[in-house]
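Each chain, letter by letter, is given below.
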Amino acid sequence: MRKPLLIALLFPVLYSTAQTVTVSGNIVPGTYQEVQVYRPSMGFMFGSLEGTYVEGSFTASGKFEVPVSITGPEMAYLQINDTSGDKSIMLPLILVPGYQPRFVFDKDGHFTVSGKGAADNRELTMPDYDSIQSFYGDTLPMRSYNYINRITDERKRIFSQFVSAHKDVSTDFIRLWTAELDYSKASTFFGYRTNN
């Protein structure tokens, strides 16, 4: 009786142990010197100022590797910085236990991805809320609110088209991006109201 009880009690602990996802790839050698994965503290990428950076390694030939320890699906950013600090590549990542995405970048920063998890880590370009600052000083919130709604609708349209075109994305990809899109709208409006 004790053995089955012990197994039943330890199963959640064993099941939830961290696994390492290794994000690796190649980039044109000589230009870039730093690679890291940014993990936001709240699990959302947009507007997150707190989080941790997992440092990776570069070789002289442009190969890089970043081992990231995770306990479940999460969204993060791959960030590759150049030697001057003026240029960087940032792209969203979907990390799931068992994934091992491998990126190959060209000289312009465009990439192909292969390996387990490649379908969830293809390039998905979304518009930003960059022009929100043009509304600073505006005492009536409707113009900024309409702008945020317009950009959010565009982001959701792009996401919907992406999912329709790529039937092989996982449910984790859909769940994480849906939460990110919802959070980004609220975060942008709150940030605007706080900074205005």
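No experiment lies behind these values; they were computed from the predicted model shown. Along each chain, residue indices are assigned from 1 in the same order as the chain's sequence is written. Per-residue local features are limited, in this predicted model, to residues with pLDDT of at least 70; the limit for side-chain atom pairs, both in listing and counting, is 80 or more; totals at the level of whole chains, interfaces and linings are taken over all residues. Each side-chain value is worked out from all heavy atoms of the structure, with water and hydrogens disregarded.

Looking at the confidence of the model for the protein chain
Now for step 1: Every residue carries a pLDDT, the predictor's confidence in it, which falls somewhere between 0 and 100. Confidence in the prediction of the protein chain, expressed as mean pLDDT, is 84, and 85% of residues score 70 or more.
Now for step 2: Strands here are runs of E lasting at least two residues and helices are runs of H or I lasting at least four, both read from the DSSP assignment and numbered beginning at the N terminus. Strand S9 (residues 111-114) holds the highest mean pLDDT among the elements of the protein chain, 96, whereas helix H1 (residues 2-15) holds the lowest, 49.
Now for step 3: Two residues form a contact once any of their heavy atoms are found within 4.5 Å. A low-confidence stretch, residues 5-15 stays under pLDDT 50, and its non-local contacts, those more than four residues away or across chains, total 0 contacts.

What about the nonpolar core?
Now for step 1: Here, nonpolar core means buried Ala, Val, Leu, Ile, Met, Phe, Trp, Tyr and Cys residues that are tied together by side-chain atoms lying within 4.5 Å of each other. Burial status follows relative accessibility: with a 1.4 Å probe on protein chains alone, a residue under 20% of its type maximum counts as buried, one over 50% as exposed, and anything between as partly exposed. With 37 residues, the main nonpolar core has Val37, Leu78, Ile80, Leu95, Phe103, Phe105 and Trp177 as its most contacted residues.
Now for step 2: Per-element accounting of this core gives the leading share, 5 residues, to strand S7 (residues 88-95).
Now for step 3: Apart from residues no more than four positions distant in its own chain, Val37 is found in contact with Val23, Thr52, Tyr53, Val54, Val66, Val68, Ala76, Tyr77, Leu78, Leu93 and Leu95.

Re the sheet that holds strand S4 (residues 57-58)
Now for step 1: Any two strands are treated as partners once DSSP identifies two or more bridges connecting them. Here we have 5 strands laid out as an open sheet, ordered S4-S5-S1-S8-S9, and mixed in their pairing. Every other strand in the sheet has two partners, leaving S4 and S9 as the edge strands with one partner each.
Now for step 2: Two strands pair when backbone bridges link them, and S4 and strand S5 (residues 63-70) are joined in this way by 2 bridges, in the antiparallel orientation. Bridge pairing in S5 places Phe58 opposite Phe64.

Observations regarding the side chain of Asp82
Now for step 1: Examined against the element boundaries, Asp82 turns out to sit in strand S6 (residues 74-82).
Now for step 2: Leaving out residues up to four positions away in the same chain, Asp82 has contacts with Thr31, Tyr32, Gln33 and Lys87.

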